[in-house]
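Commentary on secondary and tertiary structure
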Amino acid sequence: MSEFNCIFLGREVDRSPELSEYAEGFLNYSAAEWNRGGGDCVFSYIEDGLSLAALVVLHDGKGRMSVRYDLARVRKAYYSIGSKDEMNTIVDVGDDRFVPLGSLVSPLTAWHAVEDFFVKPLEMPGRLHWMNAEEIVWPE
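A quick note: this is a predicted structure, and the numbers were derived from the prediction, not measured.

A closer look at the side chain of Asp70
Within the secondary structure, Asp70 is located in strand 4 (residues 65-71). At a separation of 2.8 Å, a polar atom in the side chain of Asp70 contacts the side chain of Arg68. In contact with Asp70, not counting residues within four places along its chain, are Leu52, Ala53, Ala54, Val56, Lys76 and Ala77.

Points about the pairing of strand 4
In terms of burial, strand 4 is largely enclosed, as 6 of its 7 residues are buried. Hairpin connection of strand 3 (residues 50-59) to strand 4: 5 residues between the antiparallel strands, including Gly61 at a positive phi of 80 degrees. Examined bridge by bridge, strand 4 and strand 8 (residues 104-105) share 2 bridges and lie antiparallel to one another. Within strand 8, the position partnered with Met65 by the bridge is Val105. Linking strand 4 back to strand 5 (residues 76-80) in an antiparallel pair, the connection comprises 4 residues, with Arg75 at a positive phi of about 50 degrees.

Comments concerning the packing of aromatic side chains
For the structure on display, the rule yields 15 aromatic pairs. Between Phe26 and Trp111, the ring centres sit 5.3 Å apart and the planes meet at 40 degrees, which makes this aromatic pair tilted. Here Phe26 is found in helix 1 (residues 23-27), whereas its partner Trp111 is found in helix 3 (residues 107-119), with 85 residues between them in sequence. Of the two residues examined, Phe26 and Trp111, each falls in the buried class. An angle of 50 degrees between the planes, with centres 5.7 Å apart, marks the rings of Tyr79 and Trp138 as tilted. In this pair, Tyr79 is assigned in strand 5 and Trp138 in the segment after strand 9 (130-132), connecting sequence segments 59 residues apart.

Rules behind the numbers
- Numbers given for residues are sequential positions, taken from 1 along each chain in its written order.
- pLDDT decides what is reported in this predicted model: residues at 70 or higher carry local features, side-chain atom pairs at 80 or more are listed and counted, and totals for whole chains, interfaces and linings draw on all residues regardless.
- Excluding hydrogens and water, the side-chain values take into account all heavy atoms of the structure.
- To qualify as a helix, a DSSP run of H or I must reach at least 4 residues; to qualify as a strand, a run of E must reach at least 2; elements of each kind are numbered from the N terminus.
- Throughout this description, a polar contact denotes any pair of N or O atoms lying within 3.5 Å of each other; where both atoms belong to protein, one of them has to be capable of donating a hydrogen while the other can accept it, and for residues adjacent in sequence the pair is counted only when both atoms sit in side chains.
- In what follows, a contact means two residues having at least one pair of non-hydrogen atoms within 4.5 Å.
- A 1.4 Å probe rolled over the protein chains alone gives each residue an accessible area, and that area as a share of the maximum for its type sets the label: buried under 20%, exposed over 50%, partly exposed in between.
- The pairing criterion for strands is at least two bridges between them, as found by DSSP.
- Here a Phe, Tyr or Trp ring, Trp counted by its six-membered ring, pairs with any other such ring whose centre lies within 6.5 Å, and the pair is stacked when the planes are under 30 degrees apart, edge-to-face when over 60, and tilted otherwise.

Here it is as structure tokens:
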């Protein structure tokens with residue numbers, strides 16, 4: 001049996017999320033609302049009790065979001081590409097959450113990733129460009 005779970009802006013875990021319930025947070029993005037909720041959300045795809053894939057969204061408080069796609073079965077993570085030239089510049093988007101500066105995209109683009117994830121969770125969302133996290137130069 002497969003299912004989706006969602007942790008959105010500090011709320012309780014939603015064990016049967018309806019995609020439409022989350023659109024407002026992206027399409028009418030409010031930095032204040034995201035800050036109150038901890039600044040992040042995680043959408044997980046689970047089969048037979050095992051998390052197989054996750055989409056993690058972190059906002060920067062300035063109207064942009066970093067999207068990470070995790071594929072558990074192969075232990076790979078990928079970051080959205082907003083600016084390829086800035087993918088090796090690592091920034092703290094708050095609370096010691098570090099992301100590539102180049103991974104920041106608009107809330108609408110992040111929403112497209114969420115929509116795609118809900119349709120095909122075991123494939124990287126197709127409307128974004130991605131970079132393997134292993135290709136990014138992380139500070140030590």
